Amino acid sequence: MPGSPVHLALRFFDVAFAKPLSRTEREAVVSWLTPELGNMFFAQPEVDQRHGYHAALSVIAQEVSDPDVIVAALVHDVGKRHSRLGLLGRTFASLVILVGIEPSERMRAYRDHDVVGAMELGNALAPALAIDFALHHHGDRPTTIDQKTWEILVAADQPPKTSVWERRRITSANR
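Residues numbered from 1 in each chain as written. Predicted model: local features only at pLDDT ≥ 70, side-chain atom pairs only at ≥ 80, totals over all residues. Heavy atoms only, no water.

Trainee: Hey, could you run me through the side chain of T149 in this one?
Mentor: Position of T149 among the secondary structure elements: in helix α10 (residues 147–157). Residue class for T149 comes out buried when judged on its relative accessible area of 15%. Setting aside anything within four residues of it in sequence, one finds T149 in contact with V69 and L129. (Helix = DSSP H or I, 4+ residues; strand = E, 2+ residues; numbered from the N terminus. Buried < 20%, exposed > 50% of the residue type's maximum accessible area, 1.4 Å probe, protein only. Contact = heavy atoms within 4.5 Å.)

Trainee: Sorry, what's going on with a nonpolar patch on the surface here?
Mentor: A surface patch of nonpolar side chains, about 370 Å² in accessible area, is lined by L95, L98, V99 and I101. The residue I101 is located in the loop between α6 (87–99) and α7 (105–111) in this model. (Patch = residues over 30% accessible without salt bridge, like charges linked within 9 Å, V, L, I, M, F, W, Y side chains within 5 Å. Areas by Shrake-Rupley, 256 points an atom, 1.4 Å probe, with all protein chains shown as cover. Salt bridge = Lys/Arg side-chain N within 4 Å of Asp/Glu carboxyl O.)

Trainee: Looking at this structure, I do not really get the packing of helix α2 (residues 23–32) against helix α4 (residues 46–61). What am I missing?
Mentor: Each pair of packed helices can be described by the angle between their axes along with the distance between the axes. Relative orientation of the contacting elements α2 and α4 amounts to 70°, with a least axis distance of 11 Å. As judged from the angle between their axes, α2 and α4 are roughly perpendicular. For the element pair α2 and α4, the recorded crossing hand is left-handed. Contact with α2, carried on its side by E25, R26, A28, V29 and W32, involves Q49, R50, Y53, A56, L57 and I60 of α4 and no other residues of that element. Counted by class, the contact of α2 with α4 contains seven nonpolar, one polar and three charged residues. (Axes fitted to C-alpha atoms, helices over the stretch in contact; angles between N-to-C directions. Parallel < 35°, antiparallel > 145°, perpendicular 65-115°, else oblique. Left-handed = near helix turned anticlockwise from the far one by under 90°. Nonpolar A, V, L, I, M, F, W, Y, C, P; charged D, E, K, R; others polar.)

Trainee: For this particular structure, what's the right way to read the pattern of salt bridges?
Mentor: One side chain can pair with another of opposite charge once the charged atoms of both are near each other. If you walk through the whole model with that rule in mind, you get four salt bridges. Between R23 and E27 there is a salt bridge, with its nearest N and O atoms 2.9 Å apart. Of this pair, R23 and E27 both sit in helix α2, separated by four residues, roughly a single helical turn. One salt bridge connects R81 with E120, and the closest N-O pair in it is separated by 3.0 Å. In this pair, R81 is assigned in the loop between α5 (67–75) and α6 and E120 in helix α8 (residues 113–123), connecting sequence segments 39 residues apart. A relative accessible area of 17% means that R81 is categorised as buried.

Nothing here speaks to function; it is all geometry.
See below:
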């Protein structure tokens, strides 16, 4: 399942108004990821790059310095890129999945992005935390992730609830 109805509604607006990462933001991402994980990250649509970047900033704002937590925030949605669905396609897929209609192949790829992403991250030798969070981020906390780290990552996965001006301030402060 790609998230709760509230999460999906908030993500709709997050996706609709997402801007590509700036050169400075891209450089920050490169500094946090291995080349292979960076390739996976940048193969995502720009909206998912922006979401992962904001998730990483949220982790950093919590004064978490563990690089594995930052990596987990950045790459938790890399499996979505295989669905090749835009904003309207994702919206329709989410509705189809929520009401229990059998989804198309691309919609299944979107629905199952957690499993696909976790497998890919495992093959790329990502930190165990990144793999586990990618796999479980829409479900219950696995025993492999401590409660505090889980809460930080789940909060980071939420669409930004701040105003556009506050989001700009946060982004500018972390350049």
